[in-house]
Amino acid sequence: MNQQTGNMRVDGGRLWGSLMAMAEIGPGIAGGNNRQALTDADREGRLLFQRWCADAGLTVGVDAMGSMFARREGTEADALPILIGSHLDTQPTGGKYDGVLGVLAALEVVRTLNDLGLRTRRPVEVVNWTNEEGSRFPPAMIASGVYAGVHTLDWAYDRTDAAGLRFGDELERIGFKGEEPVGQRKGHAYFELHIEQGPILEEEGVDIGIVTHGQGLRWVEVTLTGKETHTGTTPMDRRLNASLGAARIIDRIETITRAHGEKAVGAVGQLVFAPNSRNILPGKVVFTADLRHPDLATLNSMADQVKQAAREVAADLGIGVAIEDVGAFDPTAFDEDLLADLRAGAERLGYSHRDMVSGAGHDACWVAKTMPSAMIFCPCVDGLSHNEAEEITPEWAGAGTDVLLQAVLQAAEVVE
Ligand code: HGY
Ligand code: MN
Ligand code: MN
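Position numbers for residues start from 1 in each chain and track the written sequence from start to end. Think of it this way: whatever chain is written first is A, whatever ligand is written first is 1, and the rest follow in order. Predicted model: local features are reported for residues with pLDDT of at least 70 only, side-chain atom pairs are reported and counted for 80 or more only, and whole-chain, interface and lining totals are derived from all residues. With hydrogens and water set aside, each side-chain value is computed from the structure's full complement of heavy atoms.

A. Spatial organisation of helix α10 (residues 336–348). Secondary structure elements are taken from DSSP: a helix is a run of H or I of four residues or more, a strand is a run of E of two residues or more, and numbering for both begins at the N terminus. For a helix, the expected span equals 1.5 Å multiplied by the number of residues minus one. With 13 residues, α10 should reach 18 Å at 1.5 Å per residue; the first-to-last C-alpha distance of 18 Å fits that figure. Only protein chains enter the accessibility calculation, which uses a 1.4 Å probe; a residue whose area is less than 20% of its type maximum is buried, one above 50% is exposed, and one in between is partly exposed. Among all positions in α10, only Leu 338, Leu 339, Leu 342, Arg 343, Gly 345 and Ala 346 are buried. Buried residues of α10, viewed axially, fall in a sector of 160°; they line one side. Exposed positions of α10 whose direction lies more than 90 degrees from the buried face are Asp 337 and Glu 347. Those residues of α10 that are buried lie in contact with β6 (189–195), β7 (208–214), β13 (353–358), β14 (373–378) and α12 (394–412). Each polar contact in these results corresponds to two N or O atoms within 3.5 Å; when the atoms are within protein, one needs to be able to donate a hydrogen and the other to accept it, and residues that are neighboring in sequence are counted only if both atoms are side-chain atoms. Between a side-chain oxygen at the N-terminus of α10 and the backbone nitrogen of Asp 337 the separation is 3.1 Å; the capping residue is Asp 335. Directions pointing from the helix axis toward each C-beta atom define the arc. Whether two residues touch is decided by their heavy atoms; if any such pair falls within 4.5 Å, the residues are in contact.

B. Inspection of the coordination of the manganese ion (ligand 3) at higher detail. Bound to the manganese ion (ligand 3) on the protein side are Asp 98 (OD), Glu 133 (OE), Glu 133 (OE) and His 386 (NE2), at distances that span 2.2 to 2.5 Å. For Na, K and Ca the donor cutoff is 3.2 Å, while for all other metals N, O and S atoms must lie within 2.8 Å; water is not among the atoms, so some sites may look incomplete. In primary-sequence terms, the residues that donate to the manganese ion (ligand 3) follow D-x34-E-x252-H. For the pair the manganese ion (ligand 3) and the manganese ion (ligand 2), the metal-to-metal distance amounts to 3.5 Å, and Asp 98 bridges them. Placement of the pair is Glu 133 in the loop between β5 (124–128) and α4 (142–147) and His 386 in the loop between β14 and α12, with a sequence separation of 253 residues. On the accessibility criterion, His 386 (41% relative accessible area) is partly exposed.

C. Region of the structure containing the pattern of salt bridges. By definition, a salt bridge exists where a carboxyl oxygen of Asp or Glu is found within 4 Å of a side-chain nitrogen of Lys or Arg. Counted according to the given criterion, the structure contains 27 salt bridges. With a closest N to O distance of 2.7 Å, Arg 14 and Glu 108 form a salt bridge. Placement of the pair is Arg 14 in helix α1 (residues 12–23) and Glu 108 in helix α3 (residues 100–116), with a sequence separation of 94 residues. A relative accessible area of 24% places Arg 14 in the partly exposed class. A salt bridge links Arg 185 to Glu 125; the nearest nitrogen and oxygen atoms lie 3.1 Å apart. Here Arg 185, found in the loop between α6 (167–173) and β6, pairs with Glu 125, found in strand β5; they are 60 residues apart in sequence, far enough to count as distant. When sorted by exposure, Arg 185 lands in the same class as Glu 125, which is buried.

D. Looking closely at the coordination of the manganese ion (ligand 2). Around the manganese ion (ligand 2), the protein contributes the donor atoms His 87 (NE2), Asp 98 (OD) and His 194 (NE2), which lie 2.1 to 2.3 Å from the metal centre. Spacing between the donor residues of the manganese ion (ligand 2) along their common chain follows H-x10-D-x95-H.

E. How the structure looks around the pairing of β7. Burial within β7 is extensive, with six of its seven residues counted as buried. Only when DSSP finds a minimum of two bridges between them are two strands counted as paired. Relative to β14, β7 runs antiparallel, the two being bridged by three bridges. Looking at the pairing, Gly 209 lines up with Phe 377 of β14. Pairing geometry for β7 and strand β12 (residues 332–333), over two bridges, is antiparallel. Each bridged residue has a counterpart across the sheet, and for His 213 the counterpart in β12 is Ala 333.

F. Local environment of the side chain of Arg 159. With respect to the helices, strands and loops of the structure, Arg 159 is situated in the loop between α5 (153–157) and α6. Residues scored as positive are Lys and Arg, those scored as negative are Asp and Glu, and His as well as the terminal groups of each chain are ignored. No salt bridge is formed by the buried Arg 159, whose closest oppositely charged neighbour, Glu 324, lies at an N-O distance of 5.5 Å. Once residues lying within four places of it in the same chain are set aside, the contact partners of Arg 159 are Phe 137, Pro 138, Pro 139, Ile 142, Leu 165, Arg 166 and Phe 167.

G. Quick look at the layout of surface pockets. Considered as a void within the structure, the second largest pocket measures approximately 200 Å³ in volume. Detection works on a 1 Å grid of protein atoms alone, calling trapped sets that fit a 1.4 Å probe cavities and calling open sets with protein on both sides within 12 Å along at least five of seven lines pockets, with lining residues defined by an atom within 4 Å of a point. Together, Gln 215, Glu 262, Lys 263, Val 265, Pro 294, Val 357, Ser 358 and Gly 359 line the second largest pocket. In terms of residue class, the lining of the second largest pocket is built from three nonpolar, three polar and two charged. Grid points are joined across faces, edges and corners, and a volume is the space filled by probe spheres set on the points. Classification used: nonpolar for Ala, Val, Leu, Ile, Met, Phe, Trp, Tyr, Cys and Pro, charged for Asp, Glu, Lys and Arg, polar for all others including Gly.

H. Structural view of the site of ligand 1. Consider each residue's heavy atoms; a residue with any of them within 4 Å of a molecule or strand counts as near. For ligand 1, the full set of nearby residues is Glu 132, Glu 133, Ala 140, Arg 292, Ala 360, Gly 361 and His 386. Measuring from an oxygen atom of ligand 1, one finds a side-chain N or O atom of Glu 133 at 3.4 Å. At 2.6 Å from an oxygen atom of ligand 1 is found a side-chain nitrogen or oxygen belonging to Arg 292. Across the shell around ligand 1, the residue classes tally to two nonpolar, two polar and three charged.

See below:
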């Protein structure tokens, strides 16, 4: 890192233009995006990304989970590359920046290397991980999970969405079921820029979050089986009431979470009644508890207590209960040396920074099992995310990408 490279900046206007162009694909109903994994909108976004990568002289490989790797050659072709990326898929009512900033910032880093005519010893690869959100096909981060060897390819292919469509079939349908074995493409280090999805950086007026850890997650799916009967004619003491069971368990989730201290978070974001008719007591209710904590033992204690509560409530109401773990990742510590480089890069550029733990899961949490990995955050307005009103500023996006550039210049080793 010399005086010249130590102060390089990306083209923030070009980055913002790319973000806005990508946001045109899979528009939501309130200004955000609905570009769910393996939909036609996802395919369209991938094709746009692929075109931009080709324009930047990158060669794009696609693995068997559809993750895309856009490679900029280094002077040493067989040196392990530096990987930088995130995800282009969104929540059904998602924002324009969750994941997308990380992929397009990585592309902007490569575009800037091209503009400056810089060569690096190591290749650099821009990554779009398939289905980070896990909204249409649970669990979250499924493709980076297969890449890290946490899930098998066949298990991932058999995941189904609410309409019963298989992940593997949808991946084939959109034309992104690549030939490359998943995990074959190794890396020397991985960096991911992401919006904070929380309020801290904006409230404190800090430019860059240095993400030291990602908290762990447990998705506990509960299926309650009651009896479908008429809501008007069935005496109250003769009901097998699955909706009452769900209400009591959701209340217990709140109590259990709060009993595990201020770092514990827990909620139910998805609940399905069947047959979901106003005047039929539901025969079946399915919902998922989303539990998170930075400490593994505490997280497991939360999950165990939620499962126990579900069994108790079901027994008390005389209804059936089935419990399944449908998503999990343990707390992750990111690489200290890479984090130190990121702090130093922010300081060289005059950006303020502070260490923090990620409340959300990210592909970096799985990639960290395969190579040294680190994340940085930029602020987001009111900490809002997983909401179509998610917003950041061009300045925040540019600052995060400038720091990402510094990290890549260092890790990929600029060749004079
Ligand atoms: O759920 C998460 O933390 C991520 O947004 N998929
Ligand atoms: Mn994300
Ligand atoms: Mn997300």
